[in-house]
Amino acid sequence: AAEKFGVPFTLSTMSICSIEDVASHTNAPFWFQVYTLKDDEFMKRLFARAKDAKCSALVITVDLQIMGQRHKDLKNGLSAPPKLTPASILNLATKVPWGLEMLQTKRRFFGNIVGHAKGVTDPTSLGSWTAEAFDPSLDWERIKQFRSWWDGPVILKGILDPEDAKKALAVGADAIVVSNHGGRQLDGALSSIRMLPQIMDAVGDKIEVHLDSGIRSGQDVLKALALGAKGTMIGRAFVYGLGAMGEAGVTKTLQVIHKELDTTMALCGERNVADLGRHNLLLPQDFATRWA
Ligand SMILES: Cc1cc2nc3c(=O)[nH]c(=O)nc-3n(C[C@H](O)[C@H](O)[C@H](O)COP(=O)(O)O)c2cc1C
């Protein structure tokens, strides 16, 4: 849907479809996102596979060296592979067409991991691999190392602080994504839009800045662009579309956001996204305040 709509998309290490599978179904260049894992050999192989698949940029997520506590996931018993419980079986029984489609799909497991990571030959070993694979000792030296293994553009995703933005620049990142991971990592972290002005002041003229977390509408996009972001990304918004209407729902999500951005621009008297700026917004005077 992203390709049809003409917007770039990012494929995750933890996607169901493998890099090769996605590359064989699209002509559009796409970005590849990696987590910061311990296993050098696996990481280098991922980079090589992404290069072979002509991924145009590498996105390194820097805010998930450990998993946050996701209270809804805990409450709902989310797991991979899913555990069948009386409640989940009852729930599945109300979604027969979806269940029948899922039974036919060839793609059920994490395609970049199963059969590729050491010791993960089947989905049952996935849980223990995930628990062990992430590197909680992540630091800037490690990011520098990843940078040296990829000879294309590197985007650091999960920056939420001007000092970290400066460090991202120092380790050779080409762009950053200001993000709090959709509020799913550190409960209580500030919103990405709130931190954007300070980050723009710190590095905005030296590095490309993008933003995600909480983008639900074209107005949200406009606000981020007006504060200086070069682009915005969505996580949940397209998943809501997918859940409601399948692939057509993802296209619809993009259309809704696009139309709303277009209308909002018109009502702000703007014809070109490049002309958006702080003049389009009324900000509280202390919006970009320094926090103690
Ligand atoms: C279903 C789902 C899967 C995600 N998987 C990843 C992932 O593999 N890597 C990553 O860096 N972020 C992942 N994210 C986080 C998004 O990239 C993004 O930072 C976040 O969802 C943005 O906030 P939003 O959901 O409010 O748009 C995921 C988000 C969702 C909803």
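The preceding data block contains the structure.
Note on numbering: residues in each chain are counted from 1, in written sequence order. Reporting of local features is limited, given that this is a predicted model, to residues whose pLDDT is at least 70; pairs of side-chain atoms are given and counted only at 80 or more, and all residues count toward the totals for whole chains, interfaces and linings. Based on all heavy atoms of the structure, the side-chain values leave hydrogens and waters out of the count.

Asks: Just give me the short version of the overall build of the chain, but keep the residues and values in it.
Replies: When helices and strands are counted, the chain shows 13 helices and seven strands. Throughout, the radius of gyration refers to the C-alpha atoms, and the reference size of a globule is 2.2 Å times the residue count to the power 0.38. A compact globule built from 292 residues should have a C-alpha radius of gyration of about 19 Å, and the chain, at 20 Å, falls within 12% of that. Expressed as lengths along the three principal axes of its C-alpha atoms, the size of the chain is roughly 55 × 45 × 40 Å. With a 1.4 Å probe rolled over the protein chains alone, any residue whose accessible area is under 20% of its type maximum counts as buried; one over 50% counts as exposed, and the rest are partly exposed. Burial statistics for the chain: of 292 residues in total, 41% are counted as buried. Pairs at least 24 residues apart make up 64% of the contacts formed inside the chain by residues separated by at least 6 positions. When the accessible surface of the chain is split by element, carbon and sulfur atoms take 57% of a total near 16,600 Å². Two residue types count as positive, namely Lys and Arg, and two as negative, namely Asp and Glu; His and chain ends fall outside the count. Here the site of a charge means NZ on Lys, CZ on Arg, CG on Asp, or CD on Glu. The averaged location of the 32 negative side-chain charges in the chain is 4 Å from the averaged location of its 34 positive side-chain charges. For helices the rule is a DSSP run of H or I covering at least 4 residues; for strands it is a run of E covering at least 2, with both sets numbered from the N terminus onward. It only takes one pair of heavy atoms within 4.5 Å for two residues to be counted as in contact. Exposure was quantified through the Shrake-Rupley algorithm and a 1.4 Å probe, taking into account, for residues, occlusion by the shown protein chains and nothing else.

Asks: Mind laying out the site of the ligand, listing which residues take part and the relevant values?
Replies: Nearness is defined per residue: one heavy atom within 4 Å of the molecule or strand is enough. Near the ligand you find 16 residues, and of these S12, Y35, T61, D212 and G214 are the closest. Identification of polar contacts relies on pairs of N or O atoms within 3.5 Å, with a donor-acceptor requirement for protein atoms, meaning one able to donate a hydrogen and the other able to accept it, and with residues adjacent in sequence counted only if both atoms are side-chain atoms. The contact in question runs from an oxygen atom of the ligand to an N or O atom on the side chain of R216, over 2.9 Å. Protein contact buries 79% of the 600 Å² of open area that the ligand shows by itself. Note on residue categories: nonpolar means Ala, Val, Leu, Ile, Met, Phe, Trp, Tyr, Cys or Pro, charged means Asp, Glu, Lys or Arg, and polar means any other residue, Gly included. For the shell around the ligand, the residue count by class is two nonpolar, nine polar and five charged.

Asks: Describe a nonpolar patch on the surface, listing the residues and the values that go with them.
Replies: A surface patch of nonpolar side chains, amounting to about 500 Å² of accessible area, comprises L84, I89, L92, W98 and M102. Taken together, the elements giving at least two residues each to the nonpolar patch come down to α5 (86–93) and α6 (96–104). Locating I89 in the fold gives a position in helix α5. Classification of I89 by relative accessible area gives partly exposed; the value is 47%. Every patch collects residues that have over 30% relative accessible area and no salt bridge, joining them within 9 Å if they carry like charges and within 5 Å if they are nonpolar side chains (Val, Leu, Ile, Met, Phe, Trp, Tyr). When a carboxyl oxygen of Asp or Glu lies within 4 Å of a side-chain nitrogen of Lys or Arg, that pair is called a salt bridge.

Asks: Talk me through unusual backbone geometry; I want residue IDs and the actual numbers.
Replies: The backbone phi angle of K54 is positive, close to 65°, even though this residue is not glycine. Along the chain, K54 falls in the loop between α3 (40–52) and β3 (57–61).

Asks: Describe the nonpolar core, with residues and values.
Replies: What tends to happen in soluble globular proteins is that the nonpolar side chains get buried as a cluster. Think of a nonpolar core as a cluster: buried Ala, Val, Leu, Ile, Met, Phe, Trp, Tyr and Cys residues, connected wherever their side-chain atoms sit within 4.5 Å. Ranked by internal contacts, the top residues of the largest apolar core, which has 66 residues, are I19, F32, I60, I113, L156, I176 and L196. For this core, the element with the highest residue contribution is helix α10 (residues 192–203), accounting for six residues. Once residues lying within four places of it in the same chain are set aside, the contact partners of F32 are T10, L11, S12, T13, I19, L46, A50, C55, A57, L58, V59 and N112. By size, the runner-up hydrophobic cluster in this structure holds seven residues, among which are W31, I155, A175 and V177.

Asks: Which residues make up the packing of aromatic side chains, and what values go with them?
Replies: Stacked, tilted and edge-to-face are the three classes assigned to paired rings of Phe, Tyr and Trp, where Trp is represented by its six-membered ring and a pair needs centres within 6.5 Å; plane angles under 30 degrees give stacked, over 60 edge-to-face, the rest tilted. Across all of its chains, the model carries seven aromatic pairs by this definition. Aromatic pair F47 and W149: ring centres 6.1 Å apart, planes at 70°, arrangement edge-to-face. Placement of F47 in helix α3 and of W149 in helix α8 (residues 140–149) is noted, with a sequence separation of 102 residues between them. Exposure remark for W149: the relative accessible area of 21% places this residue in the partly exposed category. Measuring from centroid to centroid gives 5.5 Å for F146 and W149, while their planes differ by 70°, and the two rings are edge-to-face.

Asks: Got a sec to walk through the sheet that holds strand β5 (residues 175–178)? Specific residues and values, please.
Replies: Here we have seven strands laid out as an open sheet, ordered β1-β2-β3-β4-β5-β6-β7, and parallel in their pairing. Of all the strands in the sheet, just β1 (10–12) and β7 (231–232) have a single pairing partner and so form its edges. By the bridge criterion, three bridges tie β1 to strand β2 (residues 31–34) in an arrangement that is parallel. Bridging from a neighbouring strand, T10 pairs with W31 of β2. The sheet contacts of α3 involve β2 and β3, and relative to β2 the element is tilted by about 170°. Lines fitted to the C-alpha atoms define the axes, with helices restricted to the stretch that makes contact. Angles between their N-to-C directions range from 0 to 180 degrees. This element, helix α9 (residues 162–170), spans β4 (154–159) and β5 of the sheet and lies at about 165° to β4. In this analysis, strands are considered paired if DSSP registers two or more bridges between them.

Asks: Lay out the state of the cysteines in plain terms, naming residues and giving numbers.
Replies: Cysteine sulfur pairs qualify as disulfides if the two atoms are within 2.5 Å. Per the counting criterion, the structure on display carries zero disulfides. Here C55 is not disulfide-linked; the sulfur of C17 is the nearest cysteine sulfur, at 13 Å.

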